[in-house]
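# Notes for the structure review
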Amino acid sequence: MAAKMFRQCPDSGLFFHKSAESLMKAHAVLGVVYLLVGGFLGLLVALTRMPSLHLLSAEDFYLALSIHGTAILIFWIIFFEMAVLYFAASTLLRCRPATPAFGWLGFLLMVIGSTLVMVAFFRGNSSVMFTSYVPMPAEPIFYLGLILFAVGALIGCFIFLGTLVIAKQEKTYDGSVPLVTFGALTAAIIAIFTIASGAVILIPTWLWSLGFINHIDPLMYRTVWWALGHSSQQINVAAHVSIWYAIAAILFGARPMSEKVSRTAFLLYILFLQLASAHHILADPGVSSTWKVFNTSYAMYLAVLASMVHGLTVPGCIEVAQRKKGFNNGLFEWLKKAPWANPVFSGMFIAMIIFGFIGGITGVVMGTEQINLIIHNTIFVPGHFHATVAVGTTLTFMAITYFLIPVLFRRELIWPTACKWQPYIFGGGMLILSLFLLGAGTLGVPRRHWDINFSDALLQFQFAGTAITMLGIAGFGGFLAAVGGALFCLIAVGSLVFGKRLDPGASLFSSFGFPMASSCYNVERPGKLGLAPVEQTGDGGVQAKGTFVLALVFLASFVVYFFINAKYLSSIWPMG
Amino acid sequence: MQKNDNQESTQEEEAVPGMQQLLDNPFMLLFLGVMFPTVFYILWGIMEIISIPAVK
């Protein structure tokens, strides 16, 4: 008789395999550790960019900025995404994970790699920031750490693919994989390209740091590195969009408005999303405008189209589900009556709105070769990616964590009132930060700069008072976001340690990756995941009228903002 | 009866549209997802960089 390795969560009905569950927990917990480290240093960076405080010395500022960028953009995000991959393959497909022992090997490599990078940072000789552009050298263990981390993550991606194969062979589901799993597959594919690109450039750079190679061409480095640096953020997009669909299904019982359309949108991500990396090279000489324009415009717009499809279908499917429950009055009763006090919903919805309206629109502006000249390498860029990554991805991951703590970790959330407010504090702070960084960047304030006035140089520069004020307000937003982020870490860790046990088999150790008591695993093989029933939506496809209006508002904002930037470009760069 | 069932299931399998077959094939998607950006972004970009004349 085969061992019983699955347990069924009595609250959600989800099945968790013993090995996959431990891997999910270990990756998610490590992710939160890096969120805490990176978030704290982000606060120090924000308070240094605040002109009235200017907290850190130049040396400490670049150290803090390097750790903040790497800990958040790489370690927090990818650790959590590995947890998402195990969840999307093993739990959603009711399948045992492929080679869990290799999963732990991958995890170990990620832990060793990220620790080496942190050691390199704290030794003080590797403040090369997230991008680590050559010829600025870091210690060899910095590059080695990144390579080991990448190999570990790559193992996780192939285990995800292996689990899909097992699920198909063992017929654990009917038809196609669920949409959330398909979105996770998209994330895994982008991750594989991303990590391979990283290997292509980081291995020679490591050898260069050891003295085995004389020279790394800076433009070659920048071009290939951005296939890692920017595509790694595209893994996030695919992962958080998948989680949006998951949350819509979990909270509202919502089903995608059209599986075909949503899957096609993910296919557009697979084909074109990574090409947007080229917008980082738009101001570089050496590559042609044809390369730049193809990659950032023609191809990238297909990925933008995919994001707009998801931005329409996720709230659309929630609206359809809400209307079926009777929230039919007017255009927005379905939205007013949504569970705004539930952080799973509020976090997800705030993330979606800020990701689309702020991150999405500014991303397209940055991807336009001509307009990019206004804001290239200004603090506009961090303004953009704090809307996409800090809100879009991080707040989405926070939202799903509120769901996973009771379901996966079997602990009750502590501080329910704080849970309710946390997404608003974090999202509100990040919104302020993003908007005012975008504003200051439009006025030319450079990014990554400790002293924008060049106060100890022969030629000094004074920015307009408006820009200085905007930096001050952005610093306040950063502080507020840090409070929200710290609150999340306290709630998450506090719930894992002190939260009421929802299952007697959930021990303190099981909160951090060890299996729960053997008695919890009492299912040998879960029942087959059946096909979802086909529903006739009828009504000519206009059931989601409110969402349609929101989409029109979005498009109007898009056009107006694009026009403003084009007009601004014409005023600072007169032609003729 | 069983024969009819088999015929029906065979017809259903045959009726899977090409697009769905693509979307149901993770390894084909992996190939495309690596090939597209490798060709259009990395290889094309590298070719342009290495074709820059060296300083004499």
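Cut-offs used in this document
- Residues numbered from 1 in each chain as written.
- Chains lettered and ligands numbered in written order.
- Predicted model: local features only at pLDDT ≥ 70, side-chain atom pairs only at ≥ 80, totals over all residues.
- Heavy atoms only, no water.
- Helix = DSSP H or I, 4+ residues; strand = E, 2+ residues; numbered from the N terminus.
- Buried < 20%, exposed > 50% of the residue type's maximum accessible area, 1.4 Å probe, protein only.
- Areas by Shrake-Rupley, 256 points an atom, 1.4 Å probe, with all protein chains shown as cover.
- Rg over C-alpha atoms; globule rule 2.2 N^0.38 Å.
- Contact = heavy atoms within 4.5 Å.
- Lys, Arg positive; Asp, Glu negative; His and termini not counted.
- Charge placed at Lys NZ, Arg CZ, Asp CG, Glu CD.
- pLDDT = per-residue confidence, 0-100.
- Core = buried A, V, L, I, M, F, W, Y, C linked by side-chain atoms within 4.5 Å.
- Buried area = accessible area lost by both parts, 1.4 Å probe.
- Salt bridge = Lys/Arg side-chain N within 4 Å of Asp/Glu carboxyl O.
- Expected span 1.5 Å × (residues − 1).
- Phe/Tyr/Trp six-rings, centres within 6.5 Å; stacked < 30°, edge-to-face > 60°.

## Section: the overall build of chain B
Along the backbone of chain B there are 3 helices and 0 strands. Of all 56 residues assigned to chain B, the portion counted as buried reaches 23%. Carbon and sulfur atoms make up 63% of the accessible area of chain B, which amounts to about 4100 Å² in all.

## A word on the overall build of chain A
A count of helical and extended segments in chain A gives 16 helices and 2 strands. Taking 25 Å as the expected radius of gyration for a compact globule of 576 residues, we find that chain A reaches 23 Å, a close match to that expectation. With the principal axes as the frame, chain A shows a C-alpha extent of 80 × 60 × 45 Å. Counting only residues that meet the buried cut, chain A has 59% of its 576 residues in that class. When contacts within chain A are restricted to residue pairs at least 6 apart in sequence, long-range pairs at least 24 apart make up 83% of them. On chain A, roughly 22000 Å² of surface is accessible, and the fraction owed to carbon and sulfur atoms is 71%. Charged side chains of chain A number 31 positive and 21 negative; the gap between the two group centres comes to 9 Å.

## Details of unusual backbone geometry
What you tend to see is this: most non-glycine residues have negative phi, and most peptide bonds are trans. Residues and elements named next belong to chain A. Of note, the bond from Val 134 into Pro 135 is cis; its omega dihedral lies within 30 degrees of zero at 5 degrees. Topologically, Pro 135 is positioned in the loop between α3 (100-122) and α4 (140-169). For Thr 99, which is not glycine, the phi torsion reads 35 degrees and is therefore positive. Take Thr 99: it is sitting in the loop between α2 (58-91) and α3. Given a relative accessible area of 42%, Thr 99 falls into the partly exposed group.

## So, the confidence of the model for chain A
The predicted coordinates of low-pLDDT regions are not to be read in fine detail. With 97% of its residues at a pLDDT of 70 or more, chain A shows a mean pLDDT of 94. Per-element confidence in chain A is highest for α3 of chain A, whose mean pLDDT is 98, and lowest for helix α12 (residues 369-375) of chain A, whose mean pLDDT is 90.

## Focus on the nonpolar core
Counting 200 residues, the largest nonpolar core has Phe 75, Trp 76, Phe 142, Phe 160 and Leu 202 of chain A together with Tyr 41 of chain B as the members making the most contacts within it. Tallying contributions element by element places α2 of chain A first for this core, with 23 residues. Filtering out sequence-adjacent residues up to four positions away, Phe 160 of chain A remains in contact with Leu 85, Ala 88, Ala 89, Thr 181, Ala 184, Leu 185 and Ala 188 of chain A. Ranked by size, the runner-up nonpolar core spans 7 residues in total, among them Met 300, Ile 361, Val 364 and Phe 554 of chain A.

## Quick notes on the interface of chain B and chain A
Taken together, the contacts link 25 residues of chain B with 37 residues of chain A. Roughly 2600 Å² of surface becomes buried between chain B and chain A when both sides are summed, with 80% attributable to carbon and sulfur atoms. It is Leu 23, Tyr 41 and Ile 49 of chain B in chain B that bury the most area against chain A; as a group they hold 26% of the surface buried on that side. For the pair chain B and chain A, the interface holds 0 salt bridges. Only α2 (18-23) and α3 (26-50) of chain B provide two or more residues apiece to the side of chain B that touches chain A.

## Re helix α16 (residues 545-572) of chain A
Residue and element names in this part refer to chain A. For α16, with 28 residues, the first-to-last C-alpha span of 41 Å sits near the 40 Å given by 1.5 Å per residue. Among the residues making up α16, those that are buried are Gly 546, Thr 547, Phe 554, Phe 558, Asn 565 and Leu 569. On its buried face, α16 sits against α9 (289-324), α10 (333-336), α11 (343-366) and α12.

## What about the packing of aromatic side chains?
Centre-to-centre distance and the angle between the planes together describe a pair of aromatic rings. Residue and element names in this part refer to chain A. Applying the stated criterion across every chain, the model contains 35 aromatic pairs over all chains. Between Trp 104 and Phe 107, the aromatic rings sit 5.7 Å apart at their centres with planes inclined by 90 degrees, giving edge-to-face as the arrangement. Of this pair, Trp 104 and Phe 107 both sit in helix α3, separated by 3 residues, roughly a single helical turn. Assessed through its relative accessible area of 33%, Trp 104 is described here as partly exposed.

## So, the pattern of salt bridges
Residue and element names in this part refer to chain A. Counted by the stated rule, this structure contains 9 salt bridges over all chains. Of the charged contacts in the structure, one is a salt bridge between Asp 174 and Lys 528, with a shortest N-O distance of 3.0 Å. Of this pair, Asp 174 sits in the loop between α4 and α5 (179-210) while Lys 528 is found in the loop between α15 (465-498) and α16, placing the two residues 354 residues apart along the sequence. On the basis of relative accessibility, which here comes to 31%, the residue Asp 174 falls in the partly exposed class. Glu 333 is the partner of Lys 337 in a salt bridge, and the nearest nitrogen-oxygen pair spans 3.4 Å.

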